Amino acid sequence: MKHRKWLKAVIIFLICTIVALLVWNLTDCAVLVDDNQTAEISYDDSQHLRKLLSVERIHGGPLRCMFSEDFSIKMGGLTYCLAQDDCNSIYIQELNLYYSITNTNHEKLHELLSSYI
């Protein structure tokens, strides 16, 4: 009986921790890094960024695009390195993941970031 109460308490603690991390991730404001200068992005724009950075297609490895942490978005504990040319690909540094976003989202992303650069 004591073992079940202990197990129930651990499960409740884990669920609460996961929920707290998810809420923190959704309320975390993004930070734009551009040539070692940083700019905190507003909460509303951070929410919009999450939508713009949605995955269209995952790539198996590095692309011919130029990526650098010097031009990136830090959000939710991840670093989204943006291609420095016209390539519409994103590299998530911590996950070693390359993926593409739509051309429309790519244009909107650079439009949104231009107000912070």
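Residues numbered from 1 in each chain as written. Predicted model: local features only at pLDDT ≥ 70, side-chain atom pairs only at ≥ 80, totals over all residues. Heavy atoms only, no water.

*Asks:* Help me understand the side chain of Ser89 in this model?
*Replies:* With respect to the helices and strands, the residue Ser89 is situated in strand 6 (residues 89-92). In this structure Ser89 comes out as buried when scored by relative accessible area, which is 3%. Setting aside anything within four residues of it in sequence, one finds Ser89 in contact with His59, Leu63, Cys65, Phe67, Cys81, Leu82, Ala83, Tyr99 and Ser100. (Helix = DSSP H or I, 4+ residues; strand = E, 2+ residues; numbered from the N terminus. Buried < 20%, exposed > 50% of the residue type's maximum accessible area, 1.4 Å probe, protein only. Contact = heavy atoms within 4.5 Å.)

*Asks:* What exactly am I supposed to notice about helix 3 (residues 103-114) here?
*Replies:* Between its terminal C-alpha atoms helix 3 stretches 17 Å, which fits the 16 Å expected from 12 residues at 1.5 Å a residue. Looking at the buried positions of helix 3, the neighbouring elements they touch are strand 1 (31-34), helix 2 (43-52), strand 4 (71-75), strand 5 (78-82) and strand 6. (Expected span 1.5 Å × (residues − 1).)

*Asks:* Help me understand the sheet that holds strand 7 (residues 97-100), please; the structure alone is not making it clear to me.
*Replies:* Pairing in this open sheet of seven strands is antiparallel, and the strands run 2-1-4-5-6-7-3 from one edge to the other. The sheet is open, and its two edges are formed by strand 2 (37-40) and strand 3 (57-59), each paired on a single side. Along the sheet, successive strands turn relative to each other by an average axial angle of 25°, direction set aside. The strands touched by helix 3 within the sheet are strand 1, strand 4, strand 5 and strand 6, with strand 4 carrying the most contacts at an inclination of about 85°. (Pairing = 2+ DSSP bridges. Axes fitted to C-alpha atoms, helices over the stretch in contact; angles between N-to-C directions.)

*Asks:* Help me out: how do you make sense of the state of the cysteines in this one?
*Replies:* Should the sulfur atoms of two cysteines be covalently bonded, the bond is a disulfide. The full count for this structure, using the stated rule, is one disulfide. Looking at Cys29, it has no disulfide partner, and the nearest cysteine sulfur is the one in Cys81, 20 Å off. Owing to a relative accessible area of 21%, Cys29 belongs among the partly exposed residues under this scheme. Cys81 carries a free sulfur, and the closest cysteine sulfur to it, the one in Cys65, is 12 Å from it. (Disulfide = S-S within 2.5 Å.)

*Asks:* Help me understand the pairing of strand 6 in this model?
*Replies:* Looking along a regular strand, one sees side chains alternate from face to face of the sheet. Neither face of strand 6 is open: one carries Ser89 and Tyr91, the other Ile90 and Ile92, and all of them are buried. Here three bridges tie strand 5 to strand 6, and the two strands are oriented antiparallel to one another. Residue Leu82 lies in a different strand from strand 6, and its bridge partner there is Ile90. With four bridges connecting them, strand 6 and strand 7 associate as antiparallel partners. The residue bridging Ser89 from the neighbouring strand is Ser100, located in strand 7.

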